[in-house]
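In case you want the letters, here they are:
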Amino acid sequence: FGLKHVFTFYRHRSECYFFIFYRFFSFSGKDDLLSAALHMEDVNFANLLQKTLPIMHMPGLSWKERAYILWKKSWDLILSKPADCIFYIRYYYSASCRAHAYETHLACFQPLIEKASKSFKPGTYMDMLIHQIFSTMLFFASRVMNGELENSEETTQWAFEQIYSFVVPNVRAEVLEEEDK
């Protein structure tokens, strides 16, 4: 569970609890610690995607149905860990992330991007498309986390449709037609 590994509780004699950064000293500083925390979240998410990506070759379903299953698994993971999601949203858009963690973030997802790029039209700017998916996903997740949107099937479907609308024009026609192979 994300930052749970970074923080621990110390029970004082007066029965008060204090956060201590017992692992902070393993890092060269705050930026290194936050970068490592983001990387841990990226690895967890990339592992889920790696395990779930074979769904995109499941026979008997349309590409959109398969994409929705992939989306739903990703969405459920993100919303199942509110503290991790909030950390990710806050840090991902920070100047500190751009300066200290962004290259590692991109590298973490590069093998998946390369694997998925075979389904997209030549010339598709995959890095930007993936960034747009992340940004839209985080936008909707932040609205769910702060109570603006209900965590419901309707919200899940709405978020998926938004992403699908800008992804599908970039998918190769033969991939979209491939349903029972």
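To be clear, the structure that these remarks concern was listed above.
Conventions adopted
- Residues numbered from 1 in each chain as written.
- Predicted model: local features only at pLDDT ≥ 70, side-chain atom pairs only at ≥ 80, totals over all residues.
- Heavy atoms only, no water.
- Helix = DSSP H or I, 4+ residues; strand = E, 2+ residues; numbered from the N terminus.
- Expected span 1.5 Å × (residues − 1).
- Buried < 20%, exposed > 50% of the residue type's maximum accessible area, 1.4 Å probe, protein only.
- Contact = heavy atoms within 4.5 Å.
- Core = buried A, V, L, I, M, F, W, Y, C linked by side-chain atoms within 4.5 Å.
- Polar contact = N/O pair within 3.5 Å; in protein donor to acceptor, adjacent residues only side chain to side chain.
- Salt bridge = Lys/Arg side-chain N within 4 Å of Asp/Glu carboxyl O.
- Phe/Tyr/Trp six-rings, centres within 6.5 Å; stacked < 30°, edge-to-face > 60°.
- Lys NZ or Arg CZ within 6 Å of the ring centre and 35° of its normal.

**Points about helix α1 (residues 30-52)**
In this model α1 runs 33 Å from its N-terminal to its C-terminal C-alpha over 23 residues, within 8% of the 33 Å that 1.5 Å per residue would give. Along α1, the residues classified as buried are Leu-33, Ser-35, Ala-37, Leu-38, Glu-41, Asp-42, Phe-45, Ala-46, Leu-49 and Thr-52. Against the buried residues of α1 lie α2 (63-80), α3 (82-92), α4 (95-100), α5 (102-116) and α6 (126-145).

**Re the nonpolar core**
Formed by 47 residues in total, the largest nonpolar core has its most connected members in Trp-63, Trp-71, Trp-75, Phe-109, Met-137 and Val-167. Counting only elements with at least two residues in this core, the list comes to α1, α2, α3, α5, α6 and α7 (153-167). Excluding its chain neighbours within four sequence positions, the residues that come into contact with Trp-71 are Met-137, Thr-156, Ala-159, Phe-160 and Ile-163.

**Focus: the side chain of Thr-156**
Here Thr-156 lies in helix α7. Overall, the relative accessible area of 3% leaves Thr-156 in the buried class. At 3.1 Å, the side chain of Thr-156 forms a polar contact with the side chain of Trp-75. In this structure Thr-156 touches Tyr-68, Trp-71, Lys-72 and Trp-75, once residues within four positions along its chain are discounted.

**Points about the environment of Asp-31**
Among the structural elements, Asp-31 can be located in helix α1. Sequence-wise, Asp-31 and His-100 are 69 residues apart; in three dimensions their C-alpha atoms are separated by 6.6 Å. Excluding anything up to four places from it in sequence, Asp-31 contacts Tyr-91, Ser-96 and His-100.

**Some words on the pattern of salt bridges**
All chains considered together, the criterion is met by 4 salt bridges. Ionic pairing is found between Arg-172 and Glu-174, a salt bridge with its closest N-O pair at 2.5 Å.

**What about the packing of aromatic side chains?**
Here the structure, examined in full by the defined rule, presents 15 aromatic pairs. Relative to Phe-140, the ring of Phe-139 has its centre 5.5 Å away and its plane inclined at 90 degrees; by these criteria the two rings are edge-to-face. Using a relative accessible area of 41% as the deciding quantity, one classes Phe-139 as partly exposed. On the basis of an interplanar angle of 80 degrees and a centroid distance of 5.2 Å, the ring pair of Phe-140 and Trp-158 is categorised as edge-to-face. Of this pair, Phe-140 sits in helix α6 while Trp-158 sits in helix α7, placing them 18 residues apart in sequence. By relative accessible area, which is 44% here, Trp-158 ends up partly exposed. The ring of Tyr-92 has Arg-98 lying over it, and the distance from NZ or CZ to the ring centre is 5.8 Å.

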